[in-house]
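Report on the structure
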Amino acid sequence: MSTATTAPRPAEPGIRFPHEAPPGPGEAIEVAPGVLWMRLPLPMALDHVNVFALDEGDGWTIIDTGFSSKRAKAEWQALLAGPLGGRPVRRVVVTHHHPDHVGLAGWFQTEHGAELVTTRTAWLFARMLLLDAHSQPVPETIAFWRGAGLEEDEIARRIAERPFNFCDVVDPMPLGFTRVGEGHQVTMGGRRWVVHCGNGHAPEHATFWSLDDDLVIGGDQLLPGISANLGVYATEPGADPVGDWIESCNRLSGFAEDRHLVLPGHKLPFTGLPLRLRQMVENHQGALNRLQGWLTEPKTAAQCFLPLFKREITGPAAGMALVEAVAHLNRLLVEGRVRRWRDERGAWLWQAEG
């Protein structure tokens, strides 16, 4: 009889942070040769966005831009004069269309003559949303809120407020961009990068994987410690961003290695990407299981915050919680784990099957 035994599996490397603290205002940290990490402020609970500059010799390629605001433009002017050494920004790469990432792309195009590089979907969404300005919520949004189970007094309060408009925090974008997409290769900062796109948080979100060293530019698709918001909105009420997110994480796992240093859109650069991608899938699978268990009795989306977030959500954060609750309910519906019907007020009621 053989006495051979299987060697014990080595302990799985965890998620590590090579830099314990972020750069301060007007400062930059060199995270790799010719790659600078900087931060811009955001006026919200997640109070910052990471931006990166890649040295092109006679100028810079920058990754993402922050919101459009007087403060952000002043911060950029300080960075340009300071860590960027007065050399011009020749190219702006936008990972996805959300305003904290695309907000000043148009400013760099018009004021600095920079080329804009992004995915076709990101560019189309940004251009469309810039034109979609409203002084009050549109009927489709009100119907979406009612369908999600918001109380009528809360709907009335929201109707009385001016809604968020993309153009409030995103500079106008001139016509024209350079497209990147899945599998494309680009050269930035003396490195060759291959593009892999994710979905769920934003459609056709670009991530960039260096073919010459260990760097990965992750945007909001690859974040440490926090979950990117996966929301459903009145624009596409039947969307399945949770399913899209899980598919993306599983697919990107095929490229991820522990050696990769991920440069994320928020928080700190990190290693341990294979583990992090598994965590991101497991986090949502766990949330789906808790939600299904909660739905022994019919509930609206607005009544589903506790199982998803393990606490009740009120105040300004409730808006983001609501769209994420609808997203998880839609995923359960796609998987055949719940059924739904409308009540007399028009709100969707959801209940677990079986």
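The preceding data block contains the structure.
This write-up is about the structure you can find in this document. These figures come from a predicted structure and were not determined experimentally.

1. Description of the overall build of the protein
Scanning the protein for helices and strands turns up 10 helices and 14 strands. In terms of C-alpha radius of gyration, the protein reaches 22 Å, essentially the compact-globule figure of 20 Å for 354 residues. Along the three orthogonal principal directions, the C-alpha set of the protein runs to about 80 × 65 × 35 Å. In the protein, buried positions account for 51% of the 354 residues. Taking the intrachain contacts of the protein between residues at least 6 apart in sequence as the baseline, contacts between residues at least 24 apart amount to 64%. In the structure as shown, the protein presents an accessible area of about 16,300 Å², 54% of it carried by carbon and sulfur atoms. One way to put it: in the protein the 33 positive side-chain charges average out to a point 1 Å from where the 42 negative ones average out.

2. Topic: the pairing of strand β5 (residues 89–93)
Look at any regular strand and the pattern is simple: side chains alternate between the two faces of the sheet. By the criterion of burial, β5 is predominantly enclosed, with 4 of the 5 residues buried. Examined bridge by bridge, strand β4 (residues 60–63) and β5 share 4 bridges and lie parallel to one another. In the strand pairing of β5, Thr61 is matched with Arg91. Examined bridge by bridge, β5 and strand β6 (residues 115–118) share 3 bridges and lie parallel to one another. Bridging across to β6, Arg91 finds its partner in Glu115.

3. Section: the packing of helix α8 (residues 273–294) against helix α10 (residues 318–334)
Relative to each other, α8 and α10 sit at 80°, their axes nearing to 10 Å. Here α8 lies roughly perpendicular to α10, going by the angle between them. Together, His284, Ala287, Leu288, Leu291 and Gln292 of α8 and Glu324, His328, Leu329, Arg331 and Leu332 of α10 make up the contact between the two elements. Each residue belonging to the contact of α8 with α10 can be placed in one class, and the counts come to 5 nonpolar, 3 polar and 2 charged.

4. Focus on the sheet that holds β6
Taken together, the 7 strands give an open sheet; going across it, the order is β1-β2-β3-β4-β5-β6-β7, and neighbouring strands pair in mixed fashion. Only two strands of the sheet have a single neighbouring strand rather than two, namely β1 (29–32) and β7 (178–179). Across the sheet, helix α1 (residues 70–81) is in contact with β2 (35–41), β3 (48–55), β4 and β5; its angle to β2 comes to roughly 155°.

5. Observations concerning the pattern of salt bridges
The final tally for this structure, using the stated rule, is 20 salt bridges. Among the salt bridges present, the one from Arg192 reaches Asp212, with a minimum N-O distance of 2.7 Å. Placement of the pair is Arg192 in strand β9 (residues 191–198) and Asp212 in the loop between β10 (205–210) and β11 (215–219), with a sequence separation of 20 residues.

6. Quick look at the nonpolar core
Formed by 48 residues in total, the largest nonpolar core has its most connected members in Trp209, Leu222, Leu273, Leu277 and Leu295. A per-element tally of this core places α10 first, with 9 residues. In contact with Leu295, other than residues within four places in its own chain, are Cys304, Leu329, Leu332, Val338, Trp350, Gln351 and Ala352. Formed by 32 residues, the second largest nonpolar core is a distinct cluster that contains Val51, Ile62, Phe67 and Leu80.

7. What to know about helix α3 (residues 105–112)
Since the α-helix packs 3.6 residues into each turn, any two residues three or four apart lie on the same face. Among all positions of α3, only Ala105, Gly106, Trp107, Phe108 and Gln109 are buried. Looking at the packing, one finds that the buried side of α3 touches β4, α1, β5, α2 (99–102) and β6. Backbone geometry just after α3 places Gly113 at a positive phi near 70°.

8. Brief notes about the pairing of β3
Most of β3 is tucked away: 7 of the 8 residues are buried. With 7 bridges joining them, β2 and β3 adopt antiparallel strand pairing. Within β3, the position partnered with Val35 by the bridge is Leu54. Connecting the antiparallel pair β2 and β3 is a turn made up of 6 residues. Here β3 runs beside β4; their pairing, made up of 4 bridges, is antiparallel. Residue pairing for β4: Phe52 is matched across the bridge by Ile63. A loop of 4 residues connects β3 with β4, the two strands running antiparallel in sequence, and Gly57 in this loop sits at a positive phi of about 90°.

9. Quick notes on the sheet that holds β11
Strand order in the open sheet formed by 5 strands is β8-β9-β10-β11-β12, and the pairing between neighbours is mixed. One side of each edge strand has no neighbouring strand; the edge strands of this open sheet are β8 (185–188) and β12 (261–264). If you compare each strand with its neighbour and ignore which way they point, the axes differ by 30° on average. Taken together, the 4 bridges between β8 and β9 define a ladder with antiparallel strand orientation. Looking at β9, one finds that Val186 is bridged to Trp193. Each of β9 and β10 is contacted by helix α7 (residues 241–252), which is oriented at about 145° to β9, the strand it contacts most.

Thresholds, definitions, all that
- Residues numbered from 1 in each chain as written.
- Predicted model: local features only at pLDDT ≥ 70, side-chain atom pairs only at ≥ 80, totals over all residues.
- Heavy atoms only, no water.
- Helix = DSSP H or I, 4+ residues; strand = E, 2+ residues; numbered from the N terminus.
- Rg over C-alpha atoms; globule rule 2.2 N^0.38 Å.
- Buried < 20%, exposed > 50% of the residue type's maximum accessible area, 1.4 Å probe, protein only.
- Contact = heavy atoms within 4.5 Å.
- Areas by Shrake-Rupley, 256 points an atom, 1.4 Å probe, with all protein chains shown as cover.
- Lys, Arg positive; Asp, Glu negative; His and termini not counted.
- Charge placed at Lys NZ, Arg CZ, Asp CG, Glu CD.
- Pairing = 2+ DSSP bridges.
- Axes fitted to C-alpha atoms, helices over the stretch in contact; angles between N-to-C directions.
- Parallel < 35°, antiparallel > 145°, perpendicular 65-115°, else oblique.
- Nonpolar A, V, L, I, M, F, W, Y, C, P; charged D, E, K, R; others polar.
- Salt bridge = Lys/Arg side-chain N within 4 Å of Asp/Glu carboxyl O.
- Core = buried A, V, L, I, M, F, W, Y, C linked by side-chain atoms within 4.5 Å.

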